[in-house]
Amino acid sequence: MTSPVALDPELETDAEPVKGEQKLEGRSPGQLMWQRFKRDRTGVICAVVVILYFVVSLAAPLLVKLSGTNPYTLYGQDPTYADKPILDQFGLPLGYFGGVSGDHWFGVEPQYGRDLFAMLVYGMRTSLFMALGVTVLLMVTGVIIGLIGGYFGGRTDYWIGRVTDFFLSFPQQLFFIAFMPVVTAFFVDPREETPTYFRALAMLIVLWLLGWMGMARLVRSTVLSLREREFVEAAKVSGASPWRIVRKEILPNVVTPILVQFTFQLPSTILTIAFLSFAGVGFVEPTPDWGRLFAAAANYTEQDPAFLFFPGTALVIFVLAFNLLGDSVRDAFDPKSGR
């Protein structure tokens, strides 16, 4: 009987891949989603546009400093700028397209002469970050309530559902207008001017109270379909606590609808904030805001239609880009998508 032959150590090592042959690697769902998203040119362009809007909003003080203007100075009435007239005797901008010039890149406001570029970038700053804060609060509230109702079910889900139905019964647009003066008057004397920060806080409260229900309904329906799945039952059998099951098993599976809903909720919130300011119950003079620019433009439409062009174009581009971005994100998360 022959003795066993000693194995060569070099033969025990993994075989190297043949030259020119790619090594196969596993990819996570996040990596697959990112690859599908990068192939979608529309989604990538819209993402760049949305990021650019937020960068411009963050850099608003710097951009206004570069332009040499600010959103509060009445250039048409300030004697300091009397040597550079920008309004005619009727209060209309001199020059073409609303007074566009090297000093005022987007023109000026009729009657007052405020710089439209400075008002727009600061208005974007106000609206975008206000909407971002409101949307995050709506998402967090809706996710928590939806997870609780969907996972525990029974009476918990029943009473949460009735509370949700109660808030859904309110006509939102009317109650936005009705609740804002009530909230501000409850804390501020009507004879005193309401501070800007308190108006922002009042809008956040009203939009939060009347806006979380859609997200809660969406998460609840998703959780109801997940809680009976095999991996959730296996976690229960293993003795995992409800908090661990929700955090480790269910929550990662509702990230997709949450992100998709977020991309649709943010532009909707921006339009709602603009509507409140347009209706006179949101931000007021002299705070720059997208909605207030539209309210001012409504008074100047016949005299100076150009005043609406830049704020309107900026808002349409942002809302369209964010909605298309939401479609691209949804398609990227969907493994059955052809993209």
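The coordinates are above.
Quick notes on the rules
- Along every chain, residues carry numbers that run from 1 in the direction the sequence is written.
- For this predicted model, a pLDDT threshold of at least 70 governs which residues receive local features, and a threshold of 80 or more governs which side-chain atom pairs are given and counted, while totals over whole chains, interfaces and linings are taken from all residues.
- Where side-chain values are given, they derive from all heavy atoms of the structure, hydrogens and water being excluded.
- Helix numbers and strand numbers start at the N terminus; a helix is a DSSP run of H or I with at least 4 residues, a strand a run of E with at least 2.
- Residue burial is assigned from relative accessible area. The probe radius is 1.4 Å, only protein chains are included, and a residue is buried under 20% of its type maximum, exposed over 50%, and partly exposed in between.
- Shrake-Rupley sampling with a 1.4 Å probe provides the accessible areas, and residues are treated as covered by the protein chains on show and by no other component.
- Any two residues whose heavy atoms approach within 4.5 Å are treated as being in contact.
- For our purposes a nonpolar core is just a set of buried Ala, Val, Leu, Ile, Met, Phe, Trp, Tyr and Cys residues, chained together by side-chain atoms within 4.5 Å.
- Only the stretch in contact is used when a helix axis is fitted, and all axes are lines through C-alpha atoms; the angle between N-to-C directions ranges over 0 to 180 degrees.
- With respect to orientation, any angle under 35 degrees is reported as roughly parallel, any angle over 145 as roughly antiparallel, any angle of 65 to 115 as roughly perpendicular, and every other angle as oblique.
- Put simply, Ala, Val, Leu, Ile, Met, Phe, Trp, Tyr, Cys and Pro go in the nonpolar bin, Asp, Glu, Lys and Arg in the charged bin, and everything else, Gly too, in the polar bin.
- Whenever a carboxyl oxygen of Asp or Glu lies within 4 Å of a side-chain nitrogen of Lys or Arg, that contact is scored as a salt bridge.
- Take the residue count of a helix, subtract one, and multiply by 1.5 Å to get its expected span.

**A closer look at the overall build of the chain**
Inference 1: Helices and strands together make up the secondary structure of the chain, namely 14 helices and zero strands.
Inference 2: If you list the helices and strands of the chain from N to C, you get α-α-α-α-α-α-α-α-α-α-α-α-α-α.
Inference 3: The buried share of the chain, reckoned over its 339 residues, is 40%.
Inference 4: Surface exposure of the chain reaches about 19,800 Å², of which carbon and sulfur atoms provide 63%.

**Describing the side chain of Arg-292**
Inference 1: With respect to the element layout, Arg-292 can be found in helix 13 (residues 290-300).
Inference 2: Aside from chain neighbours lying at most four places away, what touches Arg-292 is Arg-114, Met-119, Ser-277, Phe-283, Val-284, Glu-285, Pro-286 and Thr-287.

**Description of the nonpolar core**
Inference 1: Trp-290 and Phe-318 are the most contacted members of the largest nonpolar core, which has 52 residues in total.
Inference 2: Those residues within four positions of Trp-290 in sequence are excluded, and the remaining contacts are Tyr-53, Leu-120, Gly-123, Met-124, Ser-127, Leu-128, Ile-270, Pro-311, Ala-314, Leu-315 and Phe-318.
Inference 3: Counting 15 residues, the second largest nonpolar core, distinct from the first, contains Tyr-151, Val-223, Val-232 and Val-246.

**Some points on the packing of helix 3 (residues 41-58) against helix 4 (residues 60-67)**
Inference 1: Their axes nearest at 4 Å, the elements helix 3 and helix 4 cross at an angle of 70°. Taken together, helix 3 and helix 4 sit at an angle that is classed as roughly perpendicular. Contact residues: helix 3 offers Val-56, Ser-57 and Leu-58, while helix 4 offers Ala-60, Pro-61 and Leu-63.
Inference 2: Looking at the contact of helix 3 with helix 4 residue by residue, the class counts come to five nonpolar, one polar and no charged.

**As for the environment of Ile-177**
Inference 1: With respect to the helices, strands and loops of the structure, Ile-177 is situated in helix 7 (residues 172-187).
Inference 2: Dropping the residues within four chain positions of it, Ile-177 is found in contact with Phe-275, Leu-276, Ala-279 and Val-281.

**Focus on the pattern of salt bridges**
Inference 1: Within this structure, the stated rule accounts for nine salt bridges.
Inference 2: The salt bridge partner of Asp-165 is Arg-162, with a shortest N-O separation of 2.8 Å. Taken together, the residues span about one helical turn, with Asp-165 and Arg-162 both in helix 6 (residues 154-168) at a distance of three residues.
Inference 3: Where Arg-227 meets Glu-228, a salt bridge forms, and the shortest distance between an N and an O atom there is 3.5 Å.
Inference 4: Taken together, the salt bridges that share partners define one network made up of Glu-109, Arg-114, Glu-285 and Arg-292.

**So, helix 8 (residues 196-209)**
Side chains of residues three or four places apart in an α-helix project in the same direction, reflecting 3.6 residues per turn.
Inference 1: Between its terminal C-alpha atoms helix 8 stretches 20 Å, which fits the 20 Å expected from 14 residues at 1.5 Å a residue.
Inference 2: Those residues of helix 8 lying buried are Phe-198, Arg-199, Ala-200, Ala-202, Met-203, Val-206 and Leu-207.
Inference 3: Buried residues along helix 8 sit against helix 5 (116-152), helix 7 and helix 12 (255-279).

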